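Observations on chain architecture
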There are 2 protein chains.
Amino acid sequence: MEDVARDAGVSRALVSLVMRDSPKVSPAKRTAVLESAAALGYSPNRLASRLASHRTNTVGVLFLDLHNPVFADIYDGIAEGLAGSGNQVMVAVGSADPGTELEAIRSFADLRVDGILLAGYTGSPEELETALRGTPAVVITRELEVDGVDSVLTDDFRSGALAVEHLHGLGHRHIAHVDISDWLPYTARREGYLWAMRQFGLEPMLVHSDMTGRGGRAVMEQFLASGAALPTAIFAHNDLTAVGIMEALASHGVAVPDDVAIVGCDNIEVAASPLIGLTSIDQHAGELGRLAAQVMLERLAGGSVPAVTRKLEPALMVRRSSSPGAGS
Amino acid sequence: MEDVARDAGVSRALVSLVMRDSPKVSPAKRTAVLESAAALGYSPNRLASRLASHRTNTVGVLFLDLHNPVFADIYDGIAEGLAGSGNQVMVAVGSADPGTELEAIRSFADLRVDGILLAGYTGSPEELETALRGTPAVVITRELEVDGVDSVLTDDFRSGALAVEHLHGLGHRHIAHVDISDWLPYTARREGYLWAMRQFGLEPMLVHSDMTGRGGRAVMEQFLASGAALPTAIFAHNDLTAVGIMEALASHGVAVPDDVAIVGCDNIEVAASPLIGLTSIDQHAGELGRLAAQVMLERLAGGSVPAVTRKLEPALMVRRSSSPGAGS
DNA sequence: GTGAAAGCGCTAACAT
DNA sequence: ATGTTAGCGCTTTCAC
């Protein structure tokens, strides 16, 4: 920087201003500086500038899992929502390991990112609060009671109820639910399912899986091997699980939806494929990302307003896997 | 840090040593420092430490697209390959916009990451070289001639040839190829296809698409609408495209593989689904990521050895979409 | 608009 | 093993 200033015949301060394209430099000097910088192959060290300015203009985004396309949808929304705000996105991936997730959050905090977006946080509120060390955050797809942490999600309880209402309306009375509660603290969809089943006076039937397609498939294979009577309909915690279930059923010659109707959740792209035709509950993933970005920008601008929760209404997308005329 | 030192009754330097858990501190002082740090809620500012130490222990990873699951597989490999090396992963997503990609690379360089892994770089070698500013890099899924930039990929030419050989062996003579060359500089699979078609004395038939499922579907819809005679087999640039093509065919009642056989490329998880059953050319995505990580670690340790290229052999995975007995 | 001076919060030789 | 002294490369006052 010293060199650039000398080469352009100006002060270091002026170079600094040009690099942050401040409006208070004359066009002449600006081009002179830029030319010298280009000639000398100079580019500012952002570590130094961030340290000195106490601002990073960066928001960190933590994803639970890159394999679930719902996170790609959320990412697109975030990128769109942050576009033009002058903020940079920095991504980290949490993986299944619980320590990794907190490590990534701590790392963001130590790097002094301006804010953190958590897509699929699986830990406890307390751990989150200490890991954040005051960094503003918004959790996506979950509601958390932590100071300075906003929540953006789709109504999971309602999603579960919606699935049951749809299947009940089709005439189904034996509706099973494959949840992931052994795995992660996401229980609201199950609660909605249980509530709706109770409303209709139906007997709930719960099976536990993880959140992957492989998990759903394994659980269904196991069920089929057990020889137990099949339900006439299954509501799966997410589409990945639902597709896994459909795969297992297909391998065993069980017809969908004629023998068993299937409803997933998330409405990922593959659910809409004519080859799959999975009925699903749309969570508006892209919109969640956009909203989370917006909430974060407001918090970064507006100081420390009280934590906010934005909850979207899920939307039922009926497809072949639960088409009427079959089932019951 | 000053405060912690005072509180623990030691010097700042000692605190610094404890924070990096150096072996040269007495256990007594170590615990004293850690306790004070915890009590005061102190955690080191990594911007400052990185600036002062000139080391970040971070490698940046740039992905072309989060929607293609092949990148999730590559990520897993990278994470595995980097595990235990003391390096942190920082992810950025390039998106379709060509400027975004270079901007992300420049950003990594300005943040002084130790190295950059590029999964699906789409720009030119020259642009890459200037954006890197000397940062070591390895490109995955592509071979690039740039100083200090290694390449890790699966033989794309061979993949294209393999697809044709497989289909030819099944008796197919009218084999079309859907490529993405209008979109991205990935032409080797097409070259392999063209070479093999020539070897067999067959007439090539090229259709251009992007790299998405939607693109593949659109291209096939358009083809079907044109009324032109269908080939008996199609080799698609990747599995996403192949599935899109299968969707379009299904919508129009064209049977796979009886009317048209399909071969994709990448062997993403969904290809193996019994609901899809897509024959594909495995690129060993996870292995690519692991290898890229390993090559990067070697470069970071070994100084500036000449650029290296590691090329894997593709593997044909035959499934229903090209099952024998049908076709020709 | 410009230049000087004082940090940002840490690490890295040195000495002790 | 521990304290001291300089910086890392930039941003920010502040007076000119």
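Just so it is clear, the structure is predicted and the values come from calculations on it, not from any experiment. Residue indices follow the written sequence of each chain, beginning from 1 at its first position. Starting at A for chains and at 1 for ligands, labels are handed out in the order in which the entities are written. With pLDDT at 70 or above as the cut-off, local features in this predicted model cover only qualifying residues; side-chain atom pairs require 80 or more to be listed or tallied, and sums for whole chains, interfaces and linings still use all residues. In computing side-chain properties, one takes all heavy atoms of the structure into account and sets aside hydrogens as well as water.

1. With respect to the domain arrangement of chain A
Residue and element names in this part refer to chain A. Note that the domain bounds reflect an automated or database-derived domain assignment. Taken as a whole, chain A is organised into domain 1 (2-44), domain 2 (56-155 + 285-312) and domain 3 (156-283). Using only C-alpha atoms to locate each centre, domain 2 and domain 3 end up separated by 28 Å. With 17 residues of domain 2 at the interface, the matching set in domain 3 holds 14 residues. In total, domain 2 and domain 3 occlude about 1200 Å² of area from one another, counting both sides; carbon and sulfur atoms represent 54% of this. When the buried area of domain 2 at its contact with domain 3 is split by residue, Asn68, Thr154 and Asp155 rank highest and sum to 37% of it. Put simply, a salt bridge is a Lys or Arg side-chain nitrogen that is within 4 Å of an Asp or Glu carboxyl oxygen. At the boundary of domain 2 and domain 3, one finds zero salt bridges. Side-chain atoms alone can form a polar contact between residues adjacent in sequence; in general such a contact is a pair of N or O atoms within 3.5 Å, and within protein one must be able to donate a hydrogen while the other accepts it. Our count for the contact surface shared by domain 2 and domain 3 stands at eight residue pairs in polar contact (both at pLDDT 80 or more). The way it works is that DSSP assigns letters per residue, a run of H or I at least four long becomes a helix, a run of E at least two long becomes a strand, and they are numbered from the N terminus. Secondary structure elements with two or more residues in the side of domain 2 that touches domain 3: helix 5 (69-82) and helix 12 (285-302). Between two residues, a contact is recorded if the distance between any of their heavy atoms is within 4.5 Å. Accessible area that two parts lose when put together, with a 1.4 Å probe and added across both, is what the buried area reports.

2. Remarks on the protein's contact with DNA strand C
Around DNA strand C lies a shell of 23 residues, among which Ser11(A), Lys29(A), Arg12(B), Ser16(B) and Tyr42(B) are the nearest. Definition of nearness: a residue and a molecule or strand are near each other if at least one heavy atom of the residue lies within 4 Å of the molecule or strand. Counting only the atoms of DNA strand C that lie within 4 Å of the protein, the sugar and phosphate share comes to 76%. Between DNA strand C and the protein, one listed contact pairs a phosphate oxygen with a backbone N or O atom of Lys24(A) at 3.3 Å. In the model, a phosphate oxygen of DNA strand C is placed 2.6 Å from a nitrogen or oxygen of the Tyr42(B) side chain. Every element with two or more residues in the surface near DNA strand C is listed here: helix 4 (46-53) of chain A together with helix 2 (12-19) and helix 4 (46-53) of chain B. With four residues, helix 4 of chain B is the largest single contributor of residues to the surface near DNA strand C. Of the residues assigned to the surface near DNA strand C, the class counts are eleven nonpolar, seven polar and five charged. Three classes are used, and their members are as follows: Ala, Val, Leu, Ile, Met, Phe, Trp, Tyr, Cys and Pro are nonpolar, Asp, Glu, Lys and Arg are charged, and the others, Gly among them, are polar.

3. What to know about the sheet that holds strand 7 (residues 205-208) of chain B
Residues and elements named next belong to chain B. DSSP bridges decide pairing: two strands pair if at least two such bridges lie between them. The strand order across the open sheet built from four strands is 7-6-8-9, with neighbouring strands paired in parallel fashion. Every interior strand has two partners, whereas the edge strands, strand 7 and strand 9 (261-263), have only one. Sheet twist, expressed as the mean angle between neighbouring strand axes with direction ignored, is 20°. Angles shown run from 0 to 180 degrees and are taken between the N-to-C directions of axes, each axis being a line fitted to C-alpha atoms and, for helices, limited to the stretch in contact.

4. Details of the protein's contact with DNA strand D
The local shell around DNA strand D holds 22 residues, among which Ser16(A), Arg20(A), Tyr42(A), Ser11(B) and Lys29(B) are the closest. Of what DNA strand D places within 4 Å of the protein, 73% of the atoms are sugar or phosphate. Side-chain polar atom of Ser16(A) to a phosphate oxygen of DNA strand D: 2.3 Å apart, as the coordinates give it. Contact distances for DNA strand D include 3.2 Å between a phosphate oxygen and a side-chain N or O atom of Arg55(A). Element by element, the count of residues in the surface near DNA strand D is highest for helix 4 of chain A, at four residues.

5. With respect to empty space enclosed by the protein
All names here are of chain B. A cavity here means a set of points on a 1 Å grid, drawn over the protein atoms and nothing else, where a 1.4 Å probe fits but cannot get out; a pocket is an open set with protein on both sides within 12 Å along at least five of seven lines, and a residue lines either one if it has an atom within 4 Å of a point. Grid points are joined across faces, edges and corners, and a volume is the space filled by probe spheres set on the points. All chains considered together, the criterion is met by four cavities of 30 Å³ or more. The calculated volume of the largest cavity comes to roughly 300 Å³. Thr141, Tyr186, Arg189, His237 and Asp266 are, among the 22 residues lining the largest cavity, the residues nearest its centre. With three residues, the top contributor of residues to the lining of the largest cavity is helix 5 (residues 69-82). Classifying every residue of the lining of the largest cavity by side-chain character gives eleven nonpolar, eight polar and three charged. There are two domains that each give the lining of the largest cavity at least three residues, and those are domain 2 (56-155 + 285-312) and domain 3 (156-283).

6. Here we look at the interface of chain A and chain B
Interface size, as often reported, equals the accessible area lost upon joining of the parts. Facing 37 residues of chain A, the contacting portion of chain B comprises 37 residues. Carbon and sulfur atoms supply 61% of the area that chain A and chain B bury against each other, a total of about 3700 Å² over both sides. In this assembly, chain A and chain B are joined by four salt bridges. Linking Asp110(A) and Arg46(B) is a salt bridge whose minimum nitrogen-to-oxygen distance equals 3.4 Å. Our enumeration of links across chain A and chain B arrives at 13 residue pairs in polar contact (both at pLDDT 80 or more). Tallied by class, residues from the side of chain A that touches chain B come to 17 nonpolar, eight polar and twelve charged.

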